[in-house]
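An overview of the molecular structure
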Amino acid sequence: MNDSIDFDPRNYQPTAAALEGRTILITGAGSGIGRAVALACAAARANVVLVGRTLRKLEAVHAEISARDSGTATIAQLDLERAIAKDYDTLAAAVLARFGRLDGLLHNAALLGNLSAIADYDVPLFTRVMHVNVTAAFALTQVLLPALKKSPDARVLFTSSSVGRRGRAYWGAYAVSKFAIEGLSQTLAHELGGSTKITVNTINPGATRTAMRRQAYPAEDLEKLPLPESITAPYLALLGPVSRGVTGGAFDAQRT
Ligand code: NAP
């Protein structure tokens, strides 16, 4: 939309205090890419709100952050499959009460669902994947917009995938949900473009060594893939001040 054409978050090298003073909420922060980005944000001195469904995983990330000389961490347990309006309202109220505003929102949590043909795809599973990957991200964004608007320079970052940019056989609801995320991101970026400083973008992490990747490619040698820790810099670029004015874009965390 503007400035996004020349911006490449893969060139970014965060400084030690790149996110100083910023509060950033990350979904799916207990494992995989979400955990790595949460640790990297805290290392860059952000206050991180760790959202996820499994409390013990969030507590482990919280402990890692607390043990370091870095930003702070706060846990907010939320199952995006089961959360109702009251749960979203409670989370938004807690963020405002504790921090007074929100400077970054990373939608990272997702369900893979099944890899199967559209002809055979289980309808209830399709609904679950769409709910976690799209509807919950929409609802969380909507309820947190007032807190984002209180920031002088906020970021919303949605997580996409290569199959959310070009369809591929057998990726079913997951691919459809990632296309929907691209649409949600562009629509919100356009709506907010003229009236606020909030930027809205998507990032495709690319093949990364996580539990979801193992589930999608059980026969693959995971050791050959980059660790989540090695792809965090582009996330920090799109969550931090360096991406001011960059909105409506679709970015990659890795070079292919
Ligand atoms: P992961 O390790 O499986 O992490 C997924 C995260 O989502 C987990 O923390 C999980 O929490 C959370 N989550 C799932 N269902 C949830 C729910 N109902 N409520 C709250 N949290 C929920 O996978 P990942 O690879 O790091 O994936 C992170 C993002 O990158 C996803 O959006 C994925 O689509 C995207 N992506 C990954 C790759 C790759 O190669 N890894 C490639 C392209 C895109 P629990 O741990 O508690 O289950």
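From a predicted model like this one, the values you see are computed outputs, not experimental measurements.

A few points about the layout of surface pockets
Quantified by volume, the largest pocket comes out at close to 1100 Å³. Surrounding the largest pocket, 48 residues form its lining, Asn108, Ala109, Ala110, Thr210 and Met212 being those nearest its centre. Put simply, the second largest pocket is a space of about 170 Å³. Considering the residues around the second largest pocket, the lining is formed by 13 residues, among which Ile75, Ala76, Thr90, Leu91 and Ala94 are closest to the centre. Counting only elements with at least two residues in the lining of the second largest pocket, the list comes to strand S3 (73–77) and helix H3 (85–99). Broken down by element, the residue count for the lining of the second largest pocket peaks at 7 residues, all from H3. A breakdown of the residues in the lining of the second largest pocket according to their chemical character gives 8 nonpolar, 3 polar and 2 charged.

Concerning the pairing of strand S6 (residues 199–204)
The buried count for S6 comes to 6 of 6 residues, which makes it a mostly enclosed element. Taking every second residue as pointing to the same face, both faces of S6 are buried, with Thr199, Asn201 and Ile203 on one and Val200, Thr202 and Asn204 on the other. Across 5 bridges, strand S5 (residues 155–159) lies against S6 in parallel orientation. What sits directly across from Val156, in S6, is Val200. Read as a crossover between parallel neighbours, the route from S5 over helix H5 (residues 172–193) to S6 is right-handed. Here S6 runs beside strand S7 (residues 250–252); their pairing, made up of 3 bridges, is parallel. Bridge pairing in S7 places Ile203 opposite Phe251.

Points about the site of the ligand
Residues in close proximity to the ligand total 27 residues, the closest being Thr54, Lys57, Asn108, Tyr174 and Thr210. Side-chain polar atom of Arg53 to an oxygen atom of the ligand: 2.8 Å apart, as the coordinates give it. A distance of 2.8 Å is found between a nitrogen atom of the ligand and a backbone nitrogen or oxygen belonging to Leu80. Protein contacts shield 92% of the accessible area of the ligand, which totals 890 Å² for the unbound molecule. With respect to the detected pockets, the ligand is housed in the largest pocket. Elements that contribute at least two residues to the shell around the ligand include exactly helix H1 (32–43), H5 and helix H6 (211–216). Counted by class, the shell around the ligand contains 10 nonpolar, 11 polar and 6 charged residues.

A look at helix H2 (residues 55–66)
Its 12 residues place the ends of H2 16 Å apart at the C-alpha level, agreeing with the 16 Å of an ideal helix rising 1.5 Å per residue. Every buried residue belonging to H2 is among Leu58, Val61 and Ile65, and all of these are buried. Take H2 and look down its axis: the buried residues cluster within an arc of 60°, on one side only. For H2, the secondary structure elements touched by its buried residues are H1, strand S2 (47–52) and S3.

Remarks on the nonpolar core
Within the largest apolar cluster, 36 residues are counted, with the highest numbers of intra-cluster contacts made by Leu25, Leu144 and Leu148. Among the elements of the structure, S2, H3, helix H4 (123–149), S5 and H5 are those that each provide at least two residues to this core. Once you skip the residues sitting within four places of it in the chain, Leu144 turns out to touch Leu25, Ala92, Leu102 and Leu105. The next biggest cluster of nonpolar side chains, apart from the first, holds 34 residues, and it includes Ala18, Leu19, Ile203 and Phe251.

Let's talk about the packing of H1 against helix H7 (residues 232–239)
For the pair H1 and H7, interaxial distance at closest approach is 10 Å and the crossing angle is 65°. Of the two elements, H1 crosses H7, and the hand of that crossing is right-handed. Here H1 contributes Ile33, Ala36, Val37, Ala40 and Cys41 to the contact with H7, which in turn contributes Thr232, Tyr235, Leu236 and Leu239. Counted by class, the contact of H1 with H7 contains 8 nonpolar, 1 polar and no charged residues.

Each value, and the rule that gives it
- Residues numbered from 1 in each chain as written.
- Predicted model: local features only at pLDDT ≥ 70, side-chain atom pairs only at ≥ 80, totals over all residues.
- Heavy atoms only, no water.
- 1 Å grid on protein atoms, 1.4 Å probe; cavity = no way out; pocket = protein on both sides within 12 Å on 5 of 7 lines; lining within 4 Å.
- Points joined across faces, edges and corners; volume = space filled by probe spheres on them.
- Helix = DSSP H or I, 4+ residues; strand = E, 2+ residues; numbered from the N terminus.
- Nonpolar A, V, L, I, M, F, W, Y, C, P; charged D, E, K, R; others polar.
- Buried < 20%, exposed > 50% of the residue type's maximum accessible area, 1.4 Å probe, protein only.
- Pairing = 2+ DSSP bridges.
- Right-handed = clockwise from strand over helix to strand, strands pointing away.
- Near = heavy atom within 4 Å.
- Polar contact = N/O pair within 3.5 Å; in protein donor to acceptor, adjacent residues only side chain to side chain.
- Areas by Shrake-Rupley, 256 points an atom, 1.4 Å probe, with all protein chains shown as cover.
- Sits in = over half its atoms within 2 Å of the grid points.
- Expected span 1.5 Å × (residues − 1).
- Arc of directions from axis to C-beta.
- Contact = heavy atoms within 4.5 Å.
- Core = buried A, V, L, I, M, F, W, Y, C linked by side-chain atoms within 4.5 Å.
- Axes fitted to C-alpha atoms, helices over the stretch in contact; angles between N-to-C directions.
- Left-handed = near helix turned anticlockwise from the far one by under 90°.

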